[in-house]
Amino acid sequence: MKYISTRNKELQISSMQAILQGIAPDGGLYVPESIPAAEISQEELLSYNYNQLTVRILSCLLPDLDPETLQRCVEEGYAGKFETPEPVCLSHADGKDFLELYHGPTCAFKDMALCLLPKLLGASAAATGIADRIVILTATSGDTGKAALEGFADVPGTGIVVFFPRDGVSEVQKLQMVTQKGKNVCVCAVEGNFDDAQTGVKKALTSQSPAGVSYSSANSINIGRLAPQVSYYFFAYKKLVEEGRISFGDPVDFSVPTGNFGDILAGWLAKKMGLPVGRLLCASNKNNVLTDFLRTGVYDRRREFWITSSPSMDILVSSNLERLLFYACGEDAQTVAGYMKDLTEQGFFMVSPRVLSEIRKDFDCAYAEDEEVDGAIRKVWEDASYLMDPHTAVAWVCAEKVFGGAPCVVLSTASPFKFAPAMLTALGKPGAKGLAALDELEELTGLSAPENLKALKEKEILHRSCVSPEEIEAFCRSAAGQFGKEESHD
Ligand SMILES: *Cc1c(COP(=O)(O)O)cnc(C)c1O
């Protein structure tokens, strides 16, 4: 199976090369030329633990990495990193199911893929004989940055540069990044929002890298990020069957808190691979560009950028939508290239009614204001003693709006303790800031904060750089060159 660029079907490469490159040279995203069917029977599904299921899914999507290699990547990538017996778990509260994806090292769902990506990259580099240092360039809305740093720190033959919006991440998210240790890591604030950072990084990725260096991406534009995320949709389904809550074959609806459209696209891939997914609800915060698009067919980023209590979803240019558009318009790369040109040059694009109705076959949409999010956090805590973080609460509010009381799986993407001040506000006890809010949230709820977050109190700040969006490309070149030099000294 080949991977092709969403903007040019002639650009064909293997899945390993797609992981190594991250983004296509024409700025398009790599997609499988046809989505493989997983063909997993009930018996087979029920027999797998999380790791086995992930290996099975990855071997469909990344077929040129052999199953033994994938098994090694998954076992080594996940071993000892999660607080729970399995990497993810399904909880029930207040009539809904919560797929908890935040029990990993950085307390957000990005760990599910970023624990594996360094292994997948390493295996791909070894198999294709690439001798270059692979330098990962990443823009983060808060959670990808730390998860990628954690995954790549001190991995031989790699380097990582992370850019975060200076005023657009939570205090805990920022501390997680600027205290990161490692000889091959570099963290830098950007004077701008996530979209500015992502645009700068995409530009740097397609620019000339220094000699001996290949750039790649740890954002969900990299197929190596997306593929491991397909697995937990299958896992949620398995749990529901196992617990006798559904029969094998029944459709299940999912509500997904969405920013860059990666997580929800993984759910759509699961559906196309054969999982009985019903509706996929694209849940947005006040930055509701996707809600408008899914209602009208017009994607218009020319609007105010809001800073909300769910900062990891404060995004107006959702990269992975491009992959969905590619399939929805009948794999017409030229049309996709046209949309993306319009978006860059005019700030909007419009799809035909036919393309929109194709998309609406699988997707619903809604958005939630911060006040609704706060109300939901408080209600579910009071009714069911279950604590949702603000991102999860966006998905909960949207599920209420669109599915009403009907059962669905809400993807729970971060630990509430990552956003402790916002949680305290929602629970009616505002005031505490930064790490002090962690203690207060523990006291108020009787729950314990994850150890990795509590440990931030003892850590030294190691990264203080800040650049304008225009300086990102040059900063990447200089950082990448630096990693190379250190190596030649030792
Ligand atoms: C990244 C993130 C999201 C959004 O996921 P996308 O794949 O960007 O749509 C939602 N919640 C949290 C906590 C995140 O970190």
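Provided above is the structure to which this section pertains.
These lines cover the structure that appears in this document, whether it is placed above or below. Values in this document were obtained by computation on a predicted structure and should not be read as measured data.

## Quick word on the overall build of the protein chain
In terms of regular secondary structure, the protein chain is built from 21 helices and 16 strands. Whereas a compact globule of 490 residues would reach a radius of gyration of roughly 23 Å, the protein chain reaches 21 Å, a difference of no more than 12%. For the protein chain, with 490 residues in total, the buried portion stands at 61%. Of the contacts made within the protein chain by residues no fewer than 6 positions apart, 75% connect residues no fewer than 24 positions apart. Put simply, the protein chain shows about 17900 Å² of open surface, and 48% of that area lies on carbon and sulfur atoms.

## Quick look at unusual backbone geometry
Positive phi values are uncommon outside glycine, yet cysteine 107 reaches one of about 65 degrees. Within the secondary structure layout, cysteine 107 lies in the loop between strand S5 (96-100) and helix H5 (110-114). With a phi close to 70 degrees, phenylalanine 261 is a non-glycine residue in the positive phi region. For phenylalanine 261, the position within the fold is in the loop between strand S10 (252-257) and helix H11 (262-272). Using a relative accessible area of 1% as the deciding quantity, one classes phenylalanine 261 as buried.

## Quick word on the site of the ligand
Near the ligand you find 15 residues, and of these Lys110, Asp143, Gly259, Asn260 and Asp263 are the closest. Separating an oxygen atom of the ligand from a backbone N or O atom of glycine 262 is a distance of 3.1 Å. Contact distances for the ligand include 2.9 Å between an oxygen atom and a backbone N or O atom of aspartate 263. Here the ligand, which alone exposes 380 Å², has 98% of that area covered by the protein. Considered class by class, the residues forming the shell around the ligand number 5 nonpolar, 7 polar and 3 charged.

## Concerning the packing of aromatic side chains
In this structure the tally under the stated criterion is 15 aromatic pairs. Here the aromatic rings of tyrosine 50 and phenylalanine 235 are separated by 5.0 Å at their centres, their planes lie at 80 degrees, and the arrangement is edge-to-face. Of the two residues, tyrosine 50 sits in helix H3 (residues 50-61) while phenylalanine 235 sits in helix H10 (residues 223-242), which places them 185 residues apart along the sequence. A relative accessible area of 0% places tyrosine 50 in the buried class.

## Focus: the side chain of aspartate 111
On the secondary structure map, aspartate 111 appears in helix H5. Buried and unpaired, aspartate 111 has lysine 418 as its nearest opposite-charge partner, separated by 6.6 Å. Within the structure, aspartate 111 has its side chain in polar contact with the backbone nitrogen of cysteine 107 (distance 3.3 Å).

## Structural notes on the sheet that holds strand S3 (residues 30-32)
Paired through backbone hydrogen bonds, the strands of a sheet run either parallel or antiparallel to each other. Taken together, 3 strands build an open sheet; the order of strands is S2-S1-S3 and the sheet is antiparallel. Where the open sheet ends on each side, the last strands, each with one partner, are strand S2 (8-13) and S3. The mean inter-strand angle of the sheet, taken between neighbouring strand axes irrespective of direction, is 40 degrees. As defined by bridge partners, strand S1 (residues 3-5) adjoins S2 across 3 bridges and the pair is classed as antiparallel. Its bridge partner lying in S2, tyrosine 3 is registered against isoleucine 13.

## Notes on helix H9 (residues 194-205)
For H9, with 12 residues, the first-to-last C-alpha span of 16 Å sits near the 16 Å given by 1.5 Å per residue. Among all positions in H9, only Phe194, Asp195, Ala197, Gln198, Gly200, Val201, Ala204 and Leu205 are buried. In this structure asparagine 193 caps H9, since a side-chain oxygen of it lies 3.0 Å from the backbone nitrogen of aspartate 195.

## Quick notes on the sheet that holds strand S4 (residues 89-93)
The mixed open sheet is built from 6 strands, whose spatial order is S4-S5-S15-S10-S11-S14. Here the strands that pair on one side only, and so sit at the sheet edges, are S4 and strand S14 (363-367). If you compare each strand with its neighbour and ignore which way they point, the axes differ by 25 degrees on average. On top of the sheet, helix H12 (residues 289-296) reaches strand S11 (277-284) and S14; it is set at about 135 degrees to S14, its chief contact.

## Section: the packing of H3 against helix H4 (residues 67-78)
With their axes 9 Å apart at the nearest point, H3 and H4 run at an angle of 135 degrees to one another. One finds that H3 runs oblique with respect to H4. Every pair of crossing elements has a handedness; the one defined by H3 and H4 is right-handed. Between H3 and H4, the contacting residues are Tyr50, Asn51, Thr54, Val55, Leu58 and Ser59 on the first element and Pro67, Leu70, Gln71, Val74, Glu75 and Tyr78 on the second. Here the residues of the contact of H3 with H4 sort into 7 nonpolar, 4 polar and 1 charged.

## Points about the nonpolar core
As a rule of thumb, nonpolar side chains are buried together in soluble globular proteins. By size, the foremost hydrophobic cluster in this structure holds 113 residues, and its most contacted members are Tyr233, Phe234, Phe254 and Phe349. For this core, the leading source of residues is H10, giving 12 residues. Those residues in contact with phenylalanine 254, other than ones at most four positions away along the chain, are Tyr233, Ala236, Val277, Arg279, Leu280, Leu281, Phe403, Val409 and Leu411. Of all hydrophobic cores here, the second largest spans 43 residues; its members include Ala393, Val394, Ala395 and Leu424.

The rules behind these values
- Residues numbered from 1 in each chain as written.
- Predicted model: local features only at pLDDT ≥ 70, side-chain atom pairs only at ≥ 80, totals over all residues.
- Heavy atoms only, no water.
- Helix = DSSP H or I, 4+ residues; strand = E, 2+ residues; numbered from the N terminus.
- Rg over C-alpha atoms; globule rule 2.2 N^0.38 Å.
- Buried < 20%, exposed > 50% of the residue type's maximum accessible area, 1.4 Å probe, protein only.
- Contact = heavy atoms within 4.5 Å.
- Areas by Shrake-Rupley, 256 points an atom, 1.4 Å probe, with all protein chains shown as cover.
- Near = heavy atom within 4 Å.
- Polar contact = N/O pair within 3.5 Å; in protein donor to acceptor, adjacent residues only side chain to side chain.
- Nonpolar A, V, L, I, M, F, W, Y, C, P; charged D, E, K, R; others polar.
- Phe/Tyr/Trp six-rings, centres within 6.5 Å; stacked < 30°, edge-to-face > 60°.
- Lys, Arg positive; Asp, Glu negative; His and termini not counted.
- Salt bridge = Lys/Arg side-chain N within 4 Å of Asp/Glu carboxyl O.
- Pairing = 2+ DSSP bridges.
- Axes fitted to C-alpha atoms, helices over the stretch in contact; angles between N-to-C directions.
- Expected span 1.5 Å × (residues − 1).
- Parallel < 35°, antiparallel > 145°, perpendicular 65-115°, else oblique.
- Left-handed = near helix turned anticlockwise from the far one by under 90°.
- Core = buried A, V, L, I, M, F, W, Y, C linked by side-chain atoms within 4.5 Å.

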